[in-house]
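This is what each chain is made of:
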Amino acid sequence: MTLNAGRLGEVRCDWTLDEVRDLFALPFADLVFQAQSVHRRHFDPNEVQVSTLLSIKTGACPEDCAYCPQSVRHDTGLEREELMAVEDVVSRARAAREAGATRFCMGAAYRGPKDRDLRVIEEMVRGVSALGLETCATLGMLTPAQALALKEAGLDYYNHNIDTSAGYYDRIITTRTFQDRLDTLAAVREAGINVCCGGILGMGESEGDRAAMLHTLATMEKHPESVPINQLVQVEGTPLMGAAPLDPLDFVRCIAVARILMPHSHVRLSAGRAEMSDEMQALCFLAGANSIFYGEKLLTTGNPDVERDRQLFARLGIRPEAGSDPTLPPRSAPDSDHCSNIRGQRGA
Ligand code: SAM
Ligand code: DTB
Ligand code: SF4
């Protein structure tokens, strides 16, 4: 056992893979207890951050991600939709804000955006930001210049997942490399945009792959501010349809390890909630998850309906985290949480 229990709760970027594996090997109760203890040192345990997703350009993506219903290579029957108009996106964001979301995430089925489309998306970011919502986009690979243009438009977060371990990556995606993902993440960081980066569980990966994926995230020079942990949503027509289902306790274990490794990050209980019981979601919150997607749809697949989530929050005594308020001073610069400056503010 290489785990140094005395250091749990510290923000560290020097985790070894053995330490991460040792966390996975802890008895379930010990792991969840440690994760909840770390969580309480940095967050209100009864607050959960609430984001809403909108697919602003749907389907016909040239990439071959084996999990994704939007790949042009899989026959999933999904209707393709061109890039939405700016005013339609802004009115959907207004409705999300009225329903209680504080962050609005715009997703597009691109390998990477064309500059012409990026100009339109910059307008969307400006319009959504003006509503007082935090903005997030997920558009595939970006060049450094594109990342800077999004920053200039006021983008708060960029979601770009590593999805799985470096070693398992080419079993899931062959049209880009793990390094391509890291390059975009570096461009986003360099531009001063907050990073949202996580992965998917239930794709036939081993526990070692899950440990390696979290190790990659937790050894970044600065941890991603948001870490979405998705459970694979199996979609008919995708190569991963019929993959062996994940043991729900293994999913909770992964949330707990993410919480311990990245104490200041928001860990998002992301896709797959529609297939989870309330009890499993409660365990995820206990293990340190403190963010969800809210609203009846993710990008193309279902999410729990709003009423079910309201009841879940009420049953658990959970409050939505207070959002950004345009009348308050601006949020802290995203530079404050580097491992070289571990006393910085907590991630958003
Ligand atoms: N095309 C861009 C990209 O790949 O980064 C942005 C959109 S893509 C749909 C965003 C993320 O959604 C993926 O990285 C993946 O983690 C997640 N995702 C896609 N399909 C999923 C599924 N069936 N189940 C769980 N997560 C999924
Ligand atoms: C993330 O990690 N999960 C979200 C968001 N980032 C963009 C996407 C989940 C997509 C699930 C499949 C779908 O609805 O198409
Ligand atoms: Fe395209 Fe993103 Fe889906 Fe991969 S995950 S096929 S890049 S939309």
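Residues numbered from 1 in each chain as written. Chains lettered and ligands numbered in written order. Predicted model: local features only at pLDDT ≥ 70, side-chain atom pairs only at ≥ 80, totals over all residues. Heavy atoms only, no water.

## With respect to the site of ligand 1
To keep things clear, this is the line we draw: We call a residue near a molecule or strand whenever a single non-hydrogen atom of that residue lies within 4 Å of it. Any pair of N or O atoms that falls within 3.5 Å is considered a polar contact. Within protein, one atom must be able to donate a hydrogen and the other to accept it, and sequence-neighbouring residues count only if both atoms are side-chain atoms. With residues, only the protein chains shown are counted as cover, and all accessible areas are computed by Shrake-Rupley using a 1.4 Å probe. Residues are said to line a cavity or pocket when one of their atoms sits within 4 Å of a point; the points come from a 1 Å grid over protein atoms alone, cavities being sets where a 1.4 Å probe fits but cannot get out and pockets being open sets with protein on both sides within 12 Å along at least five of seven lines. For a molecule to be placed in a cavity or pocket, more than half of its atoms must lie within 2 Å of the grid points of that cavity or pocket. When residue character is reported, Ala, Val, Leu, Ile, Met, Phe, Trp, Tyr, Cys and Pro are called nonpolar, Asp, Glu, Lys and Arg charged, and the others, Gly included, polar.
Near ligand 1 there are 17 residues, and of these Tyr67, Asn161, Asp163, Arg181 and Val233 occur at the shortest range. Measuring from a nitrogen atom of ligand 1, one finds a backbone N or O atom of Ala108 at 3.4 Å. Arg181 places a side-chain nitrogen or oxygen 2.8 Å from an oxygen atom of ligand 1. With the chains in place, 90% of the 550 Å² that ligand 1 exposes on its own is no longer accessible. More than half of the atoms of ligand 1 fall within 2 Å of the grid points belonging to the largest cavity. Broken down by class, the residue content of the shell around ligand 1 amounts to 10 nonpolar, 5 polar and 2 charged.

## Considerations on the packing of aromatic side chains
Put simply, the test is: Under the pairing criterion, centres of Phe, Tyr and Trp rings, with the six-membered ring standing for Trp, must be within 6.5 Å; the plane angle then separates stacked pairs below 30 degrees from edge-to-face pairs above 60, leaving the rest tilted. Note on exposure labels: buried denotes an accessible area under 20% of the residue type's maximum, exposed denotes more than 50%, and partly exposed covers the range between, all computed with a 1.4 Å probe on protein chains only. Note on geometry: a ring has a charge over it if NZ (lysine) or CZ (arginine) is within 6 Å of the ring centre and within 35 degrees of the ring normal.
In this structure the tally under the stated criterion is 1 aromatic pair. On the basis of an interplanar angle of 75 degrees and a centroid distance of 5.5 Å, the ring pair of Tyr169 and Phe178 is categorised as edge-to-face. On the basis of relative accessibility, which here comes to 3%, the residue Tyr169 falls in the buried class. A cation over an aromatic ring shows up here: Arg103 above the ring of Tyr157, its NZ or CZ 3.7 Å from the ring centre. Over the ring of Phe293 we find Arg268, and its NZ or CZ is 4.7 Å from the ring centre.

## Overview of the site of ligand 2
Taken together, 14 residues form the shell around ligand 2, and within it Asn161, Asn230, Leu299, Thr300 and Thr301 come nearest. Between Ser270 and ligand 2, the recorded distance is 3.4 Å, taken from a side-chain N or O atom to a nitrogen atom. With respect to ligand 2, the side chain of Thr301 contributes an N or O atom lying 2.8 Å from an oxygen atom. When ligand 2 is considered free in solution it has 410 Å² of accessible area, and contact with the protein chains removes 89% of it. With respect to the detected pockets, ligand 2 is housed in the largest cavity. Taken together, the residues of the shell around ligand 2 sort by class into 7 nonpolar, 7 polar and no charged.

## With respect to the nonpolar core
Heads up, the condition is: Put simply, buried Ala, Val, Leu, Ile, Met, Phe, Trp, Tyr and Cys residues joined by side-chain atoms within 4.5 Å make one nonpolar core. A helix here means a DSSP run of H or I that spans at least four residues, while a strand means a run of E at least two residues long, and both kinds are numbered starting from the N terminus. Residue contacts are defined here by distance: any two heavy atoms, one from each residue, within 4.5 Å place the two residues in contact.
In terms of nonpolar packing, the biggest core is built from 95 residues, with Ile56, Tyr67, Leu139, Leu214 and Phe251 touching the most fellow members. The element best represented in this core is helix H9 (residues 248-261), accounting for 9 residues. Excluding residues that lie within four positions of it along the chain, Tyr67 makes contacts with Asp163, Ile172, Ile173, Arg176, Ile200, Met203, Leu232, Val233, Thr238 and Leu240.

## With respect to helix H8 (residues 207-218)
This is how it is decided: In a helix, the anticipated span is given by 1.5 Å times the number of residues less one.
In this model H8 runs 16 Å from its N-terminal to its C-terminal C-alpha over 12 residues, within 8% of the 16 Å that 1.5 Å per residue would give. Most of H8 is tucked away: 9 of the 12 residues are buried. Three or more residues of H8 are buried, namely Asp209, Arg210, Ala211, Met213, Leu214, His215, Thr216, Leu217 and Ala218.

## What about the layout of surface pockets?
Heads up, the condition is: Grid points are joined across faces, edges and corners, and a volume is the space filled by probe spheres set on the points.
Looking at the second largest pocket, its volume works out to about 390 Å³. In terms of lining residues, the second largest pocket is bounded by 22 residues, among which Leu53, Leu54, Arg92, Lys297 and Leu298 are the most central. Elements represented by at least two residues in the lining of the second largest pocket include exactly strand E1 (47-57) and helix H3 (86-98). Here the residues of the lining of the second largest pocket are counted per class, giving 12 nonpolar, 5 polar and 5 charged.

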